[in-house]
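Structural features, examined
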Amino acid sequence: MKYHLVSGACGFVGRNTVKQLLKRTNDSVIMVDDLSVGTHPSAWLQDITSKKFKDIEIFGKEERLFFWKMDFRKFLNNLQENPKWLEKEYGIKISRFADAFHFAAIVGGRAKIEGDPIAVALDLSIDAEFFNWIAKAKPERVLYPSSSAAYPISLQTETASAALKESDININGNILGKPDMTYGWTKMTGEYLAKIAAEHYGISIVSIRPFSGYGEDQDLSYPVPAIATRAAKKENPFVVWGTGQQGRDFVHIDDVMDCMFLAMEQIHDGSAINIGSGKLTSFIDLIKIFSRFAGYNPTIKPLIDKPMGVHSRYCDMSFVKERLGWEPKISLEEGMRRVYDVAVEKLRCER
Ligand SMILES: NC(=O)c1ccc[n+]([C@@H]2O[C@H](COP(=O)([O-])OP(=O)(O)OC[C@H]3O[C@@H](n4cnc5c(N)ncnc54)[C@H](O)[C@@H]3O)[C@@H](O)[C@H]2O)c1
C-alpha cells in the first residue's frame, strides 16, 4: 500500500491535489491541515463517509483518506521524534512515503502579502521543517510549490515587463533578482532548498511556479471568484483594486494539476517550471469578461489606495512545452465561465 502526504490538504491547491490522487491512484493519502484557512474535507470530498479514530478522521468507504487537523510543523516534529509514531498511535505502517506534496503555507492574497509580510515569513519555518524532514525520510518524490512571486519584480514593471522565463532565475548560475515581498523571498529560499535536497540528499523533487491559479472552488479572498460573484450581483460601479490596468496570468487549477503531475514524473533534480497560460490579462479585462457573462456594462471605479502588487506578471511557457510537451488546455473564456456559473449557482442557493 502506497501512502502520499499532502500538507495544506484543505486549501485550494491541496484539495484539488487530494481529489486528483483519489482519481489517478488507488493509494492512501495522509492529509494535514490546521484549517487556519482551509475547508474541512466534509465540505469538498465526494464521498464524505467518515469515522473518527483518536484525534484523526478517516474518510471514504475505502478508508483511503486520513486527516489530521494539526499544524504541519507539529506533525513533522512527531514523525522526527518518533519515526514509528503513525504505526504506534494509529496502526498506519509506512516504511517510506510515496509522493509528498507540500502546500501548507500562509498565502492569503495581496492584502496579506503586503499588509502582514512578517506573518507570511512564517512560511520559512514551515518550509524549513518540511525540507529537514524530507532529507531524512526520503519520500519517493516531492513537489515543492514555489510561485511566480519568486521572479524579480524589476521584470514586472509598467515600463519593463516581459514574459517571465524559468532562466530569469538561475540559482546555480547566480542570476537572482529581488522577489515579491516576504512571500516571494520565501519561495526563492524554498527553491534553493529543493535544489540542495536533490543535489545533496538525492531526493527526487520538482518546484513549480504557478502564476495566478483560479478555479470554481477557490475562496472569495482571491480575485477571480470575488470578481465573478460581484458581477453576478451586477455591482455598479464596479470597484477594482489599484488602477485595474495591472495584469496577471490566470491559469485554471485543472491545468495546474495536469502539469504538476506530469512534472513530477519527468523532473527530479529540483528544477523549477512555470505553470501559466502565457497570456497577460488585466483586472479590467477580467471585469469585462464577467460583466459580459452577467449581461451588463458597469462603470469601473479604481481604488488606488488598495494594494495592487506588480504591474504585469505573466509567463513564457515555451520551456515547459519543449521539456514536457505540455500546454494549458482550458481557455480563459471557458475557465472564467465555469467560475461564473458556480458563483451564480451559489447566489441562487443563498437566496
Ligand atoms: N493558488 C495559486 O494560484 C498558487 C500560486 C502560486 C503558488 N501557490 C502555492 O501553493 C501552495 C498552496 O496555495 P493555496 O492557494 O492552496 O493556498 P491556501 O491558503 O488555499 O492553502 C494553504 C493551506 O495551508 C493550511 N495551513 C497554513 N499553515 C499551516 C500549518 N502551519 N500547518 C498546517 N496547515 C497549514 C491552510 O489552512 C490552508 O488550507 C502555497 O505554498 C502557495 O504559495 C499557489
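Higher on the page you've got the structure.
The structure displayed is predicted, hence computed values, not measured ones.

Let's talk about the pairing of strand E5 (residues 65-69)
Extensive coverage of E5 is indicated by the burial of four of its five residues. In terms of strand pairing, strand E2 (residues 28-33) meets E5 through five bridges, oriented parallel. In the sheet register, Val32 faces E5, and the bridge partner there is Trp68. Strand direction decides the pairing type here: strand E4 (residues 56-59) and E5, joined by four bridges, are antiparallel. Bridged to Ile58 within E5 is Phe66. Hairpin connection between E4 and E5: a loop of five residues separates the two successive antiparallel strands, and Gly60 in this loop has a positive phi of roughly 90 degrees.

Some thoughts on the site of the ligand
Taken together, the neighbourhood of the ligand is formed by 30 residues, with Val13, Asp33, Phe72, Tyr183 and Lys187 sitting nearest. Between the ligand and the protein, one listed contact pairs a nitrogen atom with a backbone N or O atom of Asp34 at 3.1 Å. With the chains in place, 96% of the 820 Å² that the ligand exposes on its own is no longer accessible. Of all the secondary-structure elements, those providing two or more residues to the shell around the ligand are helix H1 (12-24), helix H2 (72-81), helix H7 (181-201) and strand E9 (212-214). Across the shell around the ligand, the residue classes tally to 17 nonpolar, eight polar and five charged.

A short note on the packing of aromatic side chains
One pass over the structure, following the stated rule, counts 20 aromatic pairs. Ring geometry for Trp68 versus Phe75: centroids 5.5 Å apart, planes at 75 degrees, classification edge-to-face. Taken individually, Trp68 and Phe75 each receive the classification buried, so the pair is uniform in this respect. In this structure an aromatic cluster arises from ring pairing among Phe53, Trp68, Phe72, Phe75, Trp85, Tyr90, Phe97, Phe130, Phe131, Trp133 and Tyr144.

What to know about the nonpolar core
As a rule of thumb, soluble globular proteins bury nonpolar side chains together. If you look at the biggest cluster of nonpolar residues, it comprises 42 residues, and the most contacted ones within it are Val18, Met31, Phe101 and Ile273. At the level of secondary structure, the elements contributing two or more residues to this core comprise H1, E2, E5, strand E8 (205-210), helix H9 (253-266), strand E13 (269-275) and helix H11 (318-324). With eight residues, the single largest contributor to this core is H9. If sequence neighbours within four positions are ignored, Met31 has contacts with Val6, Ala9, Val18, Pro41, Trp44, Phe59, Leu65, Phe66, Phe67 and Trp68. One finds Ile94, Phe130, Val142 and Tyr144 within the second-largest nonpolar core, a separate group that totals 33 residues.

Cut-offs applied
- Residues numbered from 1 in each chain as written.
- Predicted model: local features only at pLDDT ≥ 70, side-chain atom pairs only at ≥ 80, totals over all residues.
- Heavy atoms only, no water.
- Buried < 20%, exposed > 50% of the residue type's maximum accessible area, 1.4 Å probe, protein only.
- Helix = DSSP H or I, 4+ residues; strand = E, 2+ residues; numbered from the N terminus.
- Pairing = 2+ DSSP bridges.
- Near = heavy atom within 4 Å.
- Polar contact = N/O pair within 3.5 Å; in protein donor to acceptor, adjacent residues only side chain to side chain.
- Areas by Shrake-Rupley, 256 points an atom, 1.4 Å probe, with all protein chains shown as cover.
- Nonpolar A, V, L, I, M, F, W, Y, C, P; charged D, E, K, R; others polar.
- Phe/Tyr/Trp six-rings, centres within 6.5 Å; stacked < 30°, edge-to-face > 60°.
- Core = buried A, V, L, I, M, F, W, Y, C linked by side-chain atoms within 4.5 Å.
- Contact = heavy atoms within 4.5 Å.

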